[in-house]
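Letter by letter, the chains look like this.
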Amino acid sequence: MTLQDTDTISAIATPVGRGGIGIVRVSGPSVMQIALAICGRQVEARVATYCQFRTAEGKVLDSGIALFFPGPKSFTGEDVLELQGHGGVVVLKSLLRRTLECGARMARPGEFTERAFLNDKLDLLQAEATADLISATSEQAMRSSVRTLQGAFSAHIHALVKQITAIRVNVEAAIDFSEDAIDLLRDTEVAQALQDINTQVKATYEKARQGALLQEGIAVVLAGAPNAGKSTLLNALAGSNAAIVTDIPGTTRDLLRQQLDIDGLPVSVTDTAGLRASQNPVEMEGIRRARDAVNQADQVLLVVDASLNRPGENDLISQNLDLLALDNNTTQWIEQYNGRLCLVLNKIDLIEGMTPGQGSTVYQQLELPSFHISAQQGEGLDNLRSFLKNNCGYDEGTEDVFIARERHIQALKIVAGHLENAGQRVSECLHLELVAEELRLGQQALSAITGVVTSDDLLGEIFANFCLGK
């Protein structure tokens, strides 16, 4: 740990607001002195001690429970004090201020967990899982976070590192001996071992990708002309009246987001302003924001009022696609959004003989998935929900996934690439130095997942996203 990390830190560890109990957490070398100053007595280790929390003048701030956890057997690996008082905002701020007067400083976001990592109480995967568990939005995400927090993902990564290390030892030992090098390159067991490890890495990648979906979910944007039924569709998917619905075009002026849970998959659905030519500065800003949301979406649902169909359905669809693409070439725009764009033909209840269904629509020789629905009647929504899950690769039946982040997924892709390169060099009987370098880079990428090899910048970015007091 650096010199600045020997400071004693303090923060409120419970959410802002009123509650029955609030906790101020303190960690560092000055914990015992702070406990004595505030509680007026020695606090026994791992024993709930009822006491009065006092100011420097001896006035009572609050009364509650003091808990002392001596290092290294604590969350951070340092001496830790928890002052559990009443959960009022003013009470907790006063108690926090008192700890600062006694020599502590305000903790940075995630600094308690960062110290746990630096003191080898947690690896980086477990540290991140702590934040992921707090922010879990479904039971499946919670269970996967717990598995990662308990070390399941870390153990998997360590096992892969161990296997790569075993091959590296043989490869690097043979580099200085030409005969051994030739024999090793000809040894089919080495090529097979590399292939086996890569298969395991790819399987781990799939589990991590599922975990990332559980944690981060997908962002879905509803776009289209005014009065196409976007807000009605949002309400139908949400099962509540989240958006205002009227017959007046341009009711929605700003982005409206709603969090959904589709069989354990977190989905953020954004309703947007209707796309059309407008001179109203407020509506123009709403349309600009709508296009920004479309550009950042994982999935764009172009909602079309099918009841407006005039000679030829494709004409209506073309008009809506042109609205979405704006000044860009529509065909090129759709190609850019291939896999992220689908058509939702709404208001089929107003068209005689039309029933809910799922299919595809061809536009300029480009095939787009399409759905016939009635958002007002709730018809065809199950097909749409299934599409959202399947199109992002979500498997609701997977129980042994690891909660993961984008950096883990990218690292596993890099590892797989280096292993494939190593296998290719072995098969081509190229220099062992090249094989060894690919293995070294692959091992380094794996080790970065658990934090064995990492940069200060990465640590700062990770822990900055934690809440205060954690």
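Bear in mind the structure is a predicted one, so any value in this text is a computation, not a measurement.

What counts, and where the lines are drawn
- Residues numbered from 1 in each chain as written.
- Predicted model: local features only at pLDDT ≥ 70, side-chain atom pairs only at ≥ 80, totals over all residues.
- Heavy atoms only, no water.
- Salt bridge = Lys/Arg side-chain N within 4 Å of Asp/Glu carboxyl O.
- Buried < 20%, exposed > 50% of the residue type's maximum accessible area, 1.4 Å probe, protein only.
- Pairing = 2+ DSSP bridges.
- Helix = DSSP H or I, 4+ residues; strand = E, 2+ residues; numbered from the N terminus.
- Contact = heavy atoms within 4.5 Å.
- Axes fitted to C-alpha atoms, helices over the stretch in contact; angles between N-to-C directions.
- Phe/Tyr/Trp six-rings, centres within 6.5 Å; stacked < 30°, edge-to-face > 60°.
- Lys NZ or Arg CZ within 6 Å of the ring centre and 35° of its normal.
- 1 Å grid on protein atoms, 1.4 Å probe; cavity = no way out; pocket = protein on both sides within 12 Å on 5 of 7 lines; lining within 4 Å.
- Points joined across faces, edges and corners; volume = space filled by probe spheres on them.
- Nonpolar A, V, L, I, M, F, W, Y, C, P; charged D, E, K, R; others polar.

Novice: Describe the pattern of salt bridges, listing the residues and the values that go with them.
Specialist: Per the stated rule, a full pass over the model turns up 21 salt bridges. Across the pair R108 and E114 runs a salt bridge whose closest N-O atoms are separated by 2.9 Å. E114 sits in the buried class, given a relative accessible area of 14%.

Novice: Before we move on, could you go through the sheet that holds strand β5 (residues 80-87) and cite the residues and values that matter?
Specialist: Strand order in this open sheet of 6 strands is β3-β4-β5-β2-β1-β6, and the pairing throughout is mixed. Of all the strands in the sheet, just β3 (49-54) and β6 (105-106) have a single pairing partner and so form its edges. Inspection of the sheet shows strand β1 (residues 9-12) paired to β6 by 2 bridges, in the parallel sense. Within the sheet, the bridge partner assigned to I9 lies in β6 and is R105. Against the sheet, helix α1 (residues 31-39) makes contact with β2 (19-27), β3, β4 (60-69) and β5, and its axis sits at roughly 75° relative to β3, the strand it touches most. Sheet strands touched by helix α3 (residues 111-118): β1, β2 and β6. Its angle to β1, the strand with the most contacts, is close to 135°.

Novice: Let's hear about the packing of aromatic side chains: which residues, and what values?
Specialist: Applying the stated rule across the entire model yields 2 aromatic pairs. Each ring, one from W333 and one from Y337, has its centre 4.2 Å from the other, and the planes form 15°; the classification is stacked. The same class applies to W333 and to Y337, which are both buried. Between the NZ or CZ atom of R25 and the centre of the ring of F112, over which it lies, the distance is 5.5 Å.

Novice: Give me the layout of surface pockets: which residues, what numbers.
Specialist: Its volume calculated, the second largest pocket comes out at about 280 Å³. Lining of the second largest pocket is provided by R209, L213, E216, G217, I218, D298, Q299, G339, R340, L388, N391 and C392. If you list the elements that add at least two residues to the lining of the second largest pocket, you get α8 (188-216) and α13 (381-391). In terms of residue count, α8 provides more of the lining of the second largest pocket than any other element does, 3 residues in total. Class assignment of the residues belonging to the lining of the second largest pocket gives a composition of 4 nonpolar, 4 polar and 4 charged.

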